[in-house]
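Residue-level structural notes
Listed below are the residues making up each chain.
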Amino acid sequence: MDPSIFLQYSPPNGLPQESKLATYMNHTTSTPTHSLNQALGKLSLESSPTAIKKVLISEFVPVNYFSPPAILPESPESSPPCTLAGGPQNTQVHQENVGGTTYFYSTNDSLNTSGALNSSASIGGSESCLGAGVGPGTASAYASQMYGTGTPTHMAPMAPKPGLAASFYMPETIRAEICQRNEDVFLHVDPHQFPDLPENVEMYTELMPLEGVAPHSLASSFRAVHRQSGEHYALRRLHGHTAAVGKRLDMWRQVDHPNVVRLLECFATNAFGDHSTVMVYEYHPACMTLMSKYLSGAGGGNSADSNSSFHDPFSSDPDAPRPYTHQKNAMLRAVASGALLPEAVLWSLLVQLTAALRAIHTAGLACRTLDPTKVVMNGCRVRIAWCGAADALHPSANDVGQAQQDDLTALGRLALSLACRTIHCDNLAASMELVARTYSADLKNLILYLLSSPTVRRSVTDLMPMIGARFYTQVEALERRADVFEEQLAREIDNGRLLRILIKLGVINERPELNLDASWSETGDRYMLKLFRDYLFHSVSEDGRPWLDQAHLAHCLNQLDGGTNAKVELMSRDEQSVLVVSYAELKHCLEQAFDEVMQAATPQLAAGLAPP
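This section reports on the structure supplied with the text. Just so you know, these numbers come straight off a predicted model, no measurement behind them.

Quick notes on the overall build of the chain
When helices and strands are counted, the chain shows 23 helices and 14 strands. Looking at the 612 residues of the chain, the share that counts as buried comes to 40%. Partitioning the contacts of the chain with sequence separation of at least 6, the portion at a separation of at least 24 is 63%. Total accessible area on the chain is roughly 33,000 Å²; 55% of this is exposed by carbon and sulfur atoms.

Printed below as a string of structure tokens:
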């Protein structure tokens, strides 16, 4: 074959210039195909296929590994080179990890320009190198990646591949969000800080304040635990007010919408030392109000500093100080600092709030409390909180139609505050000028429509033409988020199944005695389960290091749970006995041994460990 038809080979993009592999490839003046043909041409017909394979391994072998590198020790040092027997003394084989692939190549200066080994003595030397040149156990180490009998010694200095290790675990963003919710649930109140907090309120206990309470505040909120079910709920206490459970509160209990915090029940209590009304809502952990998330830092400085000194302008406390005059320049400071919200975020908030108002108005109710301190956000979900509290305080109010119009006006004020990143939007002309200069005309028209006072009655459905196709964008975003969570659920759903197998193994293995039989766990079927436990968790490499492979553990447990016909080789600790059994036989032994323990256990223990 004419080698002139091949183009000059160039290293792949992204290869570091200081790489030894790059230096090796720079010596190559012909293509890999031509080099391979030259190398094969030097082999005699008597050469075995094994020798040909070893030539390829010594020259250029990309190896893909499927065991997670995150559990392997990482060493900054490169692996020791191996000297080729039968060749020049300065002939060495190096390895390098580039982009997650391990390359083996020679750095001998006497190699020809094709990069292949130029003598049969070198070919024979490659066998010595793979057999014993690198270190103990190297010959079987390469094959062990296919057969799973040991850990390759050259995997120790490999840098962890980011994508492979991450595939075994939940993404960091989802994990952080869930951990934050769990931390919020397990928070407990300091009894010295809140000495007047009652221990129990009817059927609820472990009260935890959700917000600071001013001295003359008319309401306060708590997180509580139901004493019978153990579920968490949010309580809204109306100070010094006893409300009768009327028809309107019954209507609020029927409102079940993903953007509305649902009201569950309402009762009167004397647990706080007065006659108070407590409204029980669903509890959503790790929620933040729109005031604290987007608007509390608009007065200047960072959010942490502003939270400690900023006073709620919507507070009903008559003694609460009003915001300082300089905070009215927050809109200009937000523009100067580039802190305005992206329009996509504003539309996402507005779509969810309009959906909540549509459900409330359709039920014949009015929100009456739509302001930044009553709208909570968790992740990307927005919910209107404490709905029905105004109806509990004013049960005789019959102006539902006018209250619904006020809800739309309040939504317009909220949208304008979020667009300007400040609650001080008294100068409507300047605020709308900022909106028109920063955002689209649709958003400007929607805010103007909500803040206007037309002669005709407004409705939430009138906002749909202004929202337009952005509604579909919101739906697509929520569906993608649901797909991500479903994918993670599919990965994590087997954890419970594998945990049940580990529980059964833990109950059986090393049990001191059963039914007065001290050798029960060391005889019969239980002995095979003990050897299988050692095969899973106590395996070591040829040089005595613990062999840890999460993929191997998960694979073996899945095989055991499925009861497949695949064979597994079990060896006793003294290496004098070897058993070859199938996973189906191991599963039968596991179920039979666990049934014996269940029969000997008490009924309470049996009910607690029985599989579903």
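Regarding the pattern of salt bridges
Under the defined criterion, the tally for this structure stands at 21 salt bridges. Taking the shortest distance from any N to any O, the salt bridge between K530 and E522 comes out at 2.8 Å. For K530, a relative accessible area of 13% corresponds to the buried category. D534 is the salt-bridge partner of R573, the closest N and O atoms lying 2.9 Å from each other. Taken together, the positions of R573 in the loop between β13 (567-571) and β14 (578-582) and D534 in helix α20 (residues 525-537) put the pair 39 residues apart, joining distant regions of the chain. By relative accessible area, which is 55% here, R573 ends up exposed. Taken together, the shared-partner salt bridges connect R248, R368, D391 and D399 into one network.

Some details on the pairing of strand β6 (residues 219-226)
Within β6, eight of the eight residues are buried, which leaves it mostly tucked inside the rest of the structure. Residues of β6 alternate between two faces, with A219, S221, R223 and V225 on one and S220, F222, A224 and H226 on the opposite face, all of them buried. Pairing of strand β5 (residues 204-209) with β6, which is carried by four bridges, proceeds in the antiparallel orientation. If you follow Y204 over to β6, its bridge partner there is H226. Both β6 and strand β7 (residues 232-238) contribute to a ladder of seven bridges, which runs antiparallel. Bridge pairing links S220 to R237 in β7.

Some points on the pairing of β13
Side chains V568 and L570 project from β13 onto a buried face, and the interleaved K567, E569 and M571 project onto a face without burial. Hairpin geometry of β13 and β14 is characterised by an intervening segment of six residues between the two adjacent antiparallel strands and by a positive phi of about 60 degrees at E575.

Things to note about a negative patch on the surface
A cluster of like negative charges, contributed by E476, E479, D483 and E486, occupies part of the molecular surface. Looking at where D483 falls in the secondary structure, it is placed in helix α18 (residues 470-492).

Here we look at the nonpolar core
M279, L370, I384 and L418 are the most contacted members of the largest nonpolar core, which has 65 residues in total. Among all residues touching M279, those that are not within four sequence positions of it are A234, L235, R236, L238, L249, L263, E265, C266, C387, G388, A389 and A392. Residues L505, L529, V568 and A593 belong to the second largest nonpolar core, which totals 26 residues.

A short note on the packing of aromatic side chains
Counted under the stated rule, the structure contains seven aromatic pairs. Ring geometry for F532 and Y583: centres 6.1 Å apart, planes at 90 degrees, overall edge-to-face. Here the residue F532 occupies a position in helix α20, and Y583 occupies one in helix α22 (residues 583-600), the gap between them amounting to 51 residues. Owing to a relative accessible area of 0%, F532 belongs among the buried residues under this scheme. Residue classification places Y583 among the buried residues on the basis of a relative accessible area of 3%. Aromatic rings pair up to connect Y204, Y233 and F267 into one cluster. The lysine or arginine in question, K504, covers the ring of F594, its NZ or CZ lying 5.5 Å from the ring centre.

Cut-offs applied
- Residues numbered from 1 in each chain as written.
- Predicted model: local features only at pLDDT ≥ 70, side-chain atom pairs only at ≥ 80, totals over all residues.
- Heavy atoms only, no water.
- Helix = DSSP H or I, 4+ residues; strand = E, 2+ residues; numbered from the N terminus.
- Buried < 20%, exposed > 50% of the residue type's maximum accessible area, 1.4 Å probe, protein only.
- Contact = heavy atoms within 4.5 Å.
- Areas by Shrake-Rupley, 256 points an atom, 1.4 Å probe, with all protein chains shown as cover.
- Salt bridge = Lys/Arg side-chain N within 4 Å of Asp/Glu carboxyl O.
- Pairing = 2+ DSSP bridges.
- Patch = residues over 30% accessible without salt bridge, like charges linked within 9 Å, V, L, I, M, F, W, Y side chains within 5 Å.
- Lys, Arg positive; Asp, Glu negative; His and termini not counted.
- Charge placed at Lys NZ, Arg CZ, Asp CG, Glu CD.
- Core = buried A, V, L, I, M, F, W, Y, C linked by side-chain atoms within 4.5 Å.
- Phe/Tyr/Trp six-rings, centres within 6.5 Å; stacked < 30°, edge-to-face > 60°.
- Lys NZ or Arg CZ within 6 Å of the ring centre and 35° of its normal.

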